[in-house]
Amino acid sequence: MFLHRRQSLCLWGSLALAMLGPAVASEPLTLSQILDLTLKNNPELVAARAQVQGAEGDLITAKAYPNPEIQMGAGESVARDAGVLRGALGGVDIAQPIELPYVRRPRREAGEAGVEAASASYRVVSLNVLTRVKQAFYNVLRQQELLRMTEANRELLESIRDKIRLRVEVGESSRYELVKAEAELLGATKNRESAALRVEQAKTALRAFIGGALPPKIEIVGELPSEIPPPDLDKLRDSVLQNHPALVQARAEVDRAKSQLELEQALRYPQPTIKAGVYREPHLEQWRVDLIVPLPLWNQRQGPIARAAADRARADALANQQQLSLVYELDTAITAFRIASQQIETFESGLLREAESALKVAEAAYRLGERGILDYLDAQRTFQAVRVDYINALFDKNAALLEIERLRAQDYRDQPL
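In this text, all values refer to a predicted model and were calculated from it rather than measured experimentally. (Residues numbered from 1 in each chain as written. Predicted model: local features only at pLDDT ≥ 70, side-chain atom pairs only at ≥ 80, totals over all residues. Heavy atoms only, no water.)

Caption draft 1: Here's a closer look at the overall build of the protein. Regarding its fold elements, the protein presents nine helices and four strands. Across the protein, contacts joining residues at least 24 apart in sequence account for 79% of those joining residues at least 6 apart. When the accessible surface of the protein is totalled, it reaches about 25100 Å², and 55% of it is carbon and sulfur. (Helix = DSSP H or I, 4+ residues; strand = E, 2+ residues; numbered from the N terminus. Contact = heavy atoms within 4.5 Å. Areas by Shrake-Rupley, 256 points an atom, 1.4 Å probe, with all protein chains shown as cover.)

Put into structure tokens, the structure is as follows:
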């Protein structure tokens, strides 16, 4: 009995570990894996793909021919006068609407332009979402690096506090230095807790783009690129204005509005219907072919034509606005890239080394008793701030480059990340 109970507990324990295993220990995720998950699960991309499928369905509808109609009837002929035959009546009519070429062509072209616009819209959504995902991914890396810095700083301040406490106990330092070290350690502890919270917030933001496809505990691996090849800024403008899918979408919307206007104007002319039928009466049989043409007397489609003309004007205006917006976004991204590049060059050309050298000098002077703990802690704080600014500058430069690549409509698999 005891053995059976023990086997049952082991079985349930194994099942529980199997269920909790993926949530407790998940494999580290790289940028490429995050992007693949985003393409599969992001709600915006799923909706954009559905929009393309809907546009393809509209094109099928635009290419379809009108269906024929069949009409059947039966009855009884009752004679009222002598000599008139009585008997069963019957008839069959088949009517086929005729869609003229000047109506069918613009309808098909409007459907084709709709598919092109939807495909370009999906490309725009894909570029925007993947760019934000990459920025969120690198933000996680930045926050993780800042967390490591705050942890190292806290450990260093803790060791300094312990040394000062020892010196205070032997009477080599004043108690004020110990109070100051304790205060600095407390501040470093709070900074470490805040940095850990920012890491979790960055991971939460990244998880939101993937549509909840990540486990609760995830580990992100990678590094902030320190050497980023600068793009050819002089050729960017022409490339963006020629290839960006937002402009392709805007031009497709213009073409669709133009075709729709042409279609509404063509529908002013009557669309005929050919009708053929056979009618049977007790004493005769009739075969008829009719041509039915509606007369546009009361409704000449002024409303739909006016609406289509307004949509055409609106599409033209939005295309011009989209072009201006892309140029503005490109100029802003280039300016941000140049500013961040200058900041990084300033850090790497001497500011980091100078801050580190000042820290070493202050540390040596403190150990020799030439300076107090305040000078050493100020130098440590300055060095820490310089490193934080350097990491932020790397992130800003990479974010600007990602924005430029989005405007260049470059696929993420071809990007050197």
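Caption draft 2: How the structure looks around the sheet that holds strand 1 (residues 69-77). Read across the open sheet, the four strands follow the order 1-2-3-4; overall the sheet is antiparallel. Sheet topology places strand 1 and strand 4 (285-292) at the edges, where each strand pairs with a single neighbour. Going from strand to strand, the sheet's axes swing by 15° on average, the running direction of each strand aside. Relative to strand 4, strand 3 (residues 273-280) runs antiparallel, the two being bridged by eight bridges. Residue Gly277 lies in a different strand from strand 4, and its bridge partner there is Arg288. (Pairing = 2+ DSSP bridges. Axes fitted to C-alpha atoms, helices over the stretch in contact; angles between N-to-C directions.)

Caption draft 3: Expanded view of the confidence of the model for the protein. Residues at a pLDDT of 70 or more form 86% of the protein, whose mean pLDDT is 82. Ranking the elements of the protein by mean pLDDT puts helix 1 (residues 2-24) last, at 40, and helix 7 (residues 245-266) first, at 92. Confidence drops under pLDDT 50 across residues 1-25; counting only partners more than four residues distant or on other chains, this segment forms three contacts. With pLDDT under 50 throughout, residues 412-417 is counted as low confidence; its partners more than four residues away or in other chains account for 19 contacts. (pLDDT = per-residue confidence, 0-100.)

Caption draft 4: Region of the structure containing the layout of surface pockets. Computed from the structure, the largest pocket encloses a volume of approximately 620 Å³. What lines the largest pocket is a set of 29 residues, and nearest its centre among them are Ala117, Glu253, Arg256, Ala257 and Ala315. For the lining of the largest pocket, the secondary structure elements donating two or more residues are helix 3 (43-63), helix 4 (101-169), helix 7 and helix 8 (302-367). By residue number, the principal contributor to the lining of the largest pocket is helix 8, which donates nine residues. For the lining of the largest pocket, the class distribution of residues is 13 nonpolar, eight polar and eight charged. In this model, the second largest pocket occupies a volume close to 280 Å³. Around the second largest pocket, the lining comprises 17 residues; the ones closest to its centre are Asn153, Ala188, Asn191, Arg381 and Gln384. (1 Å grid on protein atoms, 1.4 Å probe; cavity = no way out; pocket = protein on both sides within 12 Å on 5 of 7 lines; lining within 4 Å. Points joined across faces, edges and corners; volume = space filled by probe spheres on them. Nonpolar A, V, L, I, M, F, W, Y, C, P; charged D, E, K, R; others polar.)

Caption draft 5: How the structure looks around the packing of aromatic side chains. On inspection of all chains with the given rule, the structure shows three aromatic pairs. Between the aromatic rings of Phe137 and Tyr138, the centroid separation amounts to 5.6 Å while the plane-to-plane angle is 80°, which identifies the pairing as edge-to-face. Residue Phe137 is classed as buried on the basis of its relative accessible area of 2%. Ring geometry for Phe347 versus Tyr390: centroids 5.8 Å apart, planes at 70°, classification edge-to-face. Within this pair, whereas Phe347 is found in helix 8, its partner Tyr390 is found in helix 9 (residues 373-407), the two being separated by 43 residues in sequence. Residues Phe347 and Tyr390 agree in their burial class; the two are buried. When the ring centre of Tyr65 is taken as origin, the NZ or CZ atom of Arg104, which lies over that ring, is 3.7 Å away. Sitting over the face of the ring of Phe395, Arg142 holds its NZ or CZ atom 3.9 Å from the ring centroid. (Phe/Tyr/Trp six-rings, centres within 6.5 Å; stacked < 30°, edge-to-face > 60°. Buried < 20%, exposed > 50% of the residue type's maximum accessible area, 1.4 Å probe, protein only. Lys NZ or Arg CZ within 6 Å of the ring centre and 35° of its normal.)

Caption draft 6: Representation of the environment of Val221 within the structure. Looking at where Val221 falls in the secondary structure, it is placed in the loop between helix 5 (175-210) and helix 6 (233-243). Once the C-alpha coordinates of Val221 and Leu31 are considered, the two residues, 190 residues apart in sequence, prove to be 8.0 Å apart. In contact with Val221, not counting residues within four places along its chain, are Pro28, Leu29, Thr30, Phe137 and Leu141.

Caption draft 7: Seen up close, the nonpolar core. The biggest cluster of nonpolar side chains holds 24 residues, and the ones touching the most others in it are Ile34, Val133, Phe137, Tyr138, Leu206 and Ile220. Mapped by element, the contributors of at least two residues to this core are helix 2 (31-41), helix 3, helix 4, helix 5 and helix 9. In terms of residue count, the dominant contributor to this core is helix 4 (nine residues). Among residues more than four places away in sequence, those in contact with Phe137 are Leu29, Thr30, Leu31, Ile34, Leu206, Ile220 and Val221. (Core = buried A, V, L, I, M, F, W, Y, C linked by side-chain atoms within 4.5 Å.)

Caption draft 8: Region of the structure containing the pattern of salt bridges. One pass over the full model with this rule turns up 25 salt bridges. Among the ionic pairs, Glu403 bridges to Arg406, the shortest N-O distance being 2.5 Å. In this pair, Glu403 and Arg406 both sit in helix 9, three residues apart, roughly one turn of the helix. One salt-bridge network, in which partners are shared between bridges, spans Arg161, Asp162, Arg165 and Glu182. (Salt bridge = Lys/Arg side-chain N within 4 Å of Asp/Glu carboxyl O.)

Caption draft 9: Representation of the packing of helix 5 against helix 9 in the model. The N-to-C vectors of helix 5 and helix 9 enclose an angle of 20°; their axes lie 10 Å apart at closest approach. By the angle class used here, helix 5 and helix 9 are roughly parallel. Two packed elements cross with a definite hand, and for helix 5 against helix 9 that hand is right-handed. Residues Tyr176, Glu177, Lys180 and Glu184 of helix 5 form the contact with helix 9, whose own contacting residues are Ile373, Leu374, Leu377 and Arg381. Partitioned by chemical class, the residues of the contact of helix 5 with helix 9 number four nonpolar, no polar and four charged. (Parallel < 35°, antiparallel > 145°, perpendicular 65-115°, else oblique. Left-handed = near helix turned anticlockwise from the far one by under 90°.)

Caption draft 10: Focus on the side chain of Ser126. Along the chain, Ser126 falls in helix 4. Owing to a relative accessible area of 7%, Ser126 belongs among the buried residues under this scheme. Dropping the residues within four chain positions of it, Ser126 is found in contact with Leu39 and Leu45.

Caption draft 11: How the structure looks around the environment of Leu100. Mapped onto the elements of the fold, Leu100 is located in the loop between strand 2 (87-97) and helix 4. In this structure the C-alpha to C-alpha distance between Leu100 and Gln271, which are 171 residues apart in sequence, comes to 7.0 Å. Among all residues touching Leu100, those that are not within four sequence positions of it are Pro270, Gln271 and Pro272.

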